[in-house]
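One-letter residues, chain by chain:
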Amino acid sequence: MPRSKKFRRARLIVLTLAVLLVAGVGYGGYRGVAAVRASFPDVNGSVKVAGLSAPVDVERDANGIPQLYADTPVDLFRAQGYVQAQDRFWEMDVRRHITSGRLAEMFGAGQVETDTFLRTMGWRQVAQKEYDTQLEPETKKYLDAYAEGVNAWLAEHPGGESASLEYALLGVANADYKPEKWTPVDSVAWLKAMAWNLSGNLQEEIDRSLLSQDFSADKIAQLYPEYPYARNGTIVKTGSVSGDTYKPADGSSAPPAAPTAQGAVAAQGLLKDVADRIDAMPQLLGRQGQGIGSNSWVVAGSHTTTGKPLLANDPHLGPGMPSVWYQMGLHCRSVSPTCAFDTAGFTFAGMPGVVIGHNANITWGFTNLGADVTDLYLEKVTAPDSYLVDGKEVKFELRKETIRVAGGEDRTITVRTTQSGAPLISDASSEQRNVGTYAPNGNAAPDRGTTGYGVALQWTALTPGKTMDAVFKLDRAAGWDDFRAAAKDFAVPAQNLIYADTKNNIGYQAPGNIPVRGSGDGTYPSLGWDSSYGWKGSIPFTALPYSFNPASGFIVTANQAVVDPTYKYPLTKDWEYGTRAKEITDQIEARLKNGGKISPNDMQSVQLDNTSVMAQTLVPLLLKVQIDDPYVREAQDLLKDWNFHQDADSAAAAYYNSVWRQLLNLGFGQKFPAALRAEDNCLLVHAPTDPTKPDTTTSIVTECGTRDPGKAQPDGGDRWMEVVRQQLTQPESDWWTYIDAEHHEQKGLNNLLAEALKDARQDLTSLLSKDISTWSWGRLHTLTLREQTMGTDDSSIASGLVHKMLNRGPYELSGGTAAVDAAGWNAAAGYQVDWIPSMRMVVDLSDFDASRWINVGGASGHAFHQNYNDQTDLWAKGQLLPWAYSKDAVAKATKNKLVLTTG
């Protein structure tokens, strides 16, 4: 007889408390001890692994970072699968349930809506097609070996407490769950999650449309200003495209040839529901779309103290436990054409190879290119199985999906896909089936009827590609030609790839499957019933921008524009605005002035630059505001001698950022529709007394925002700094009209700045203290690393206890949004850090053993293991760990050695 829900919850509470006792004070019941320690990996001695042709050595340093040594690549990747499963199998298992839309099988009915959306997009089906039809035989052989290694570990740990603490907790509510064998497609599918979180301007496309219900096209354009090309520059000086061949214009030497209505369209109801569905998606890499930034730069040996290039990289992603990255080395004992791997760096648990790092010849780094690779299409659905294109009915491709639900009945959904391969994502829940009611349709649009329009998602990641091939090619690349050959296969997500080699070359390549559009520019949803809005293929790889040994001697990529508008192919209209890129460039140029050289310490120092560039513009204006109230003026005076550094112990940084937040809310947030405002942002508004008669008399009601606070607007990021910078030149702009605390309308920039200074003083008094001597930015700007695979709902005692057990923090951080040290926070939600430099590395091409790296968490995914988050304190302080690479250096750093033997 099944146990009751009440019994299961009581048992979970007891188990959780037992584990907390063990973790917190070192003793407790046998069950608690077993739950914590049973799954810790064996890191010494030997263990048999089925399928190995010869022993593989696994050498771990004090931080638990493994370096693997094998005789063949197949053995190497089989061992990688085994070792990653030792450390991170729970994380890997949850991730594959996300990418395949099978979370409900683990966690029950509460995940059906998420599974429905993921099944509708069909990540798993695309990954299967990639494996079946696109990947090279050698790549598939490595993926197969990796899966066999995972399954060798899984055979020893078939589920429950012997696999991880999380399985013990899951078993209380879902005792029947047992993990399935790993498959190669499970690894490939993770690329879809990467692509989703780095997929360009989908959120901006939705937000512009939601804004159109209240603002004109001109007003919306002010909120999405043109990129400041003259001030912040581009990654490469824009070259020319002759035919489909790009020619650099930045002094690059020529490398060898590479291998062979938009406007006003808005569907507010429909797009709000789509936005809600996106918000509900698991965010293992952070929030989707714009705002996911990163820094990377490379300096030629002629400008360094080492005489060889230096390369730095720090991708900005959402924080969580365990860390999204996994550090490791993959080494063939004897490097040869038959076993060519000798690489180390950062990868993802569940995916073979190294994603970012170096080998014996080259190093490479990534930042998000930000190309527009997604479009939403409004579709006129004419029948359950058809829709309209160019005045004719066209059939959907239909497929059935069955969602299995732990403790509940199966759910069956029908997925409808257009002829261009775009799934109708407005089918993802019953709420979205009647949501096209309000879409302005213009004179040429079909009648929306009683059910409105549907919305379909066109996305390059839904086309099978060869990115997994690219990963293995990068890992064994010997030079620039090999690097570009790998980049050619790197379809999604589109990234900025930077490069350096031991022969003193540096370079940059823009890769990716980037669409060429017909009508429209991708800034608003397109008209699905007009085929002219369809995609017309992709930009040829040979036409994509690159740079090789530019005359400047360095290359900076920090999500700024790659090229200016003279480039033949539009890449996007939603670049990040280049604040970080210019700051990095300015710092490099300052160090190189008068013949100076860049050292490895300089590279690390630039990574930690927390300057608020916007404050340099805004603070002088704030100091000019006449404040009569001494209580407010005391806080204003903090800004007088501030150096604009956002150090954790800075009171001025705390006050400035609060003023910035108040300014954004007064000038913009107050005016935004509820669909963009945070859930706790409530305003008094005029509404019809009778909602069914909108033209009747109105009354004042409270209207609260409806968006998840972490994704609300205005978020205060790079774009908002450019918006405010431009509006500051217009002191009487309508944006500076606001409602004050007494609910009176006020006008003018000076009045708004005074109000922001006052509101910030009150805000920090409430949050910190009336005594400004106790204020500090770090007390506001905190990071909590949350274990996300167990869910985020803390509404029950059990769930709250689980998260208290698995989360880490809070940590008081320096940095800020659009600073190089990008500890980002959303001004519409609060001051808590919601995206971070997820790792940092500085690679020294003169001596790879002198390179440095750090992870935000640790190697282990097992709570309470000594390597669960042993790197976090160092990371928060801006420190880096030594990065041993050579066999001698690894041997010297080795603390534990495990030999995987033939089974």
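Quick caveat, the model's predicted, so the values are computed rather than measured.

## Concerning the packing of helix α7 (residues 137-156) against helix α9 (residues 184-197)
Think of two packed helices as two axes; the pair is described by the angle between the axes and how far apart they sit. Two elements in contact, α7 and α9, have axes whose closest approach is 8 Å; the angle formed by their N-to-C orientations is 110 degrees. Looking at the two axes, α7 sits roughly perpendicular to α9. Here L143, D144, Y146 and A147 of α7 come into contact with α9, specifically with P184, S187 and V188. Of the residues assigned to the contact of α7 with α9, the class counts are 5 nonpolar, 1 polar and 1 charged.

## A short note on the pairing of strand β37 (residues 896-902)
The pairing of strand β1 (residues 45-49) with β37 spans 5 bridges and is classified as parallel. Bridging from a neighbouring strand, K48 pairs with T901 of β37. When strand β2 (residues 56-60) meets β37, the two strands line up antiparallel, connected through 5 bridges. Residue pairing for β37: E59 is matched across the bridge by K897.

## A short note on the layout of surface pockets
Sizing a probe to match a water molecule and rolling it over the atoms shows the empty space that remains. Space inside the second largest pocket adds up to approximately 1400 Å³. Surrounding the second largest pocket, 48 residues form its lining, G669, Q670, K671, N681 and L683 being those nearest its centre. Secondary structure elements with two or more residues in the lining of the second largest pocket: α13 (268-279), α20 (651-667), β26 (682-688), β27 (698-704), β28 (738-739) and α22 (749-767). When its residues are assigned to classes, the lining of the second largest pocket shows 21 nonpolar, 13 polar and 14 charged.

## A look at the confidence of the model for the chain
Confidence in the prediction for the chain averages 89 pLDDT; 87% of positions are at 70 or higher. Of the regions scoring below 50 in pLDDT, residues 25-30 engages in 6 contacts with residues more than four places distant in sequence or in other chains. Taken as a whole, residues 257-266 scores under 50 in pLDDT and shows 29 contacts with residues more than four places along the chain or in a different chain.

## Describing the packing of α20 against helix α21 (residues 718-727)
For the pair α20 and α21, the least separation of the axes is 12 Å and the interaxial angle reads 70 degrees. By the angle class used here, α20 and α21 are roughly perpendicular. In this structure, α20 uses W660, L663 and L664 to contact α21, whose residues at the interface are W720, M721 and V724. Partitioning the contact of α20 with α21 into residue classes produces 6 nonpolar, no polar and no charged.

## Examining the state of the cysteines
By the definition in use, this model includes 2 disulfides. A sulfur-sulfur separation of 1.8 Å characterises the disulfide bridge that pairs C682 with C704. Taking the torsion about the S-S bond as the criterion, the C682 to C704 disulfide, at about 100 degrees, is right-handed. Of this pair, C682 sits in strand β26 while C704 sits in strand β27, and the two are 22 residues apart along the sequence. On the basis of relative accessibility, which here comes to 37%, the residue C682 falls in the partly exposed class. According to the relative accessible area criterion, C704 is partly exposed, its value standing at 31%. Sequential numbering of the bridged cysteines in the chain gives the disulfide pattern 1-2, 3-4.

## A short note on α7
Between the first and last C-alpha of α7 there are 29 Å, a value that for 20 residues agrees with the 28 Å anticipated at 1.5 Å per step. By the burial criterion, the buried members of α7 are T139, Y142, L143, A145, Y146, A147, G149, V150, N151, A152, W153 and L154. On the buried face of α7, the contacting elements are β1, α3 (73-99), α6 (123-134), α9 and α14 (467-475).

## Observations regarding the pattern of salt bridges
In a structure, side chains of opposite charge can pair up when their charged atoms sit close to one another. Taken as a whole and judged by the stated rule, the model has 40 salt bridges. Among the salt bridges present, the one from R517 reaches D372, with a minimum N-O distance of 3.2 Å. On the criterion of sequence distance, the pair formed by R517 in strand β21 (residues 515-517) and D372 in the loop between β11 (362-368) and β12 (374-379) is long-range, its members being 145 residues apart. Across the pair, D372 and R517 agree in class, each one buried. Ionic pairing is found between R517 and D375, a salt bridge with its closest N-O pair at 2.7 Å. With R517 in strand β21 and D375 in strand β12, the pair connects residues that are 142 residues apart, well separated along the chain. Given the relative accessible area of 17%, R517 is considered buried. Judged by its relative accessible area of 1%, D375 is buried. Linked through salt bridges whose partners overlap, the residues forming this network are D57, D71, R333 and K897.

About the criteria used
- Residues numbered from 1 in each chain as written.
- Predicted model: local features only at pLDDT ≥ 70, side-chain atom pairs only at ≥ 80, totals over all residues.
- Heavy atoms only, no water.
- Axes fitted to C-alpha atoms, helices over the stretch in contact; angles between N-to-C directions.
- Helix = DSSP H or I, 4+ residues; strand = E, 2+ residues; numbered from the N terminus.
- Parallel < 35°, antiparallel > 145°, perpendicular 65-115°, else oblique.
- Contact = heavy atoms within 4.5 Å.
- Nonpolar A, V, L, I, M, F, W, Y, C, P; charged D, E, K, R; others polar.
- Pairing = 2+ DSSP bridges.
- 1 Å grid on protein atoms, 1.4 Å probe; cavity = no way out; pocket = protein on both sides within 12 Å on 5 of 7 lines; lining within 4 Å.
- Points joined across faces, edges and corners; volume = space filled by probe spheres on them.
- pLDDT = per-residue confidence, 0-100.
- Disulfide = S-S within 2.5 Å.
- Buried < 20%, exposed > 50% of the residue type's maximum accessible area, 1.4 Å probe, protein only.
- Expected span 1.5 Å × (residues − 1).
- Salt bridge = Lys/Arg side-chain N within 4 Å of Asp/Glu carboxyl O.

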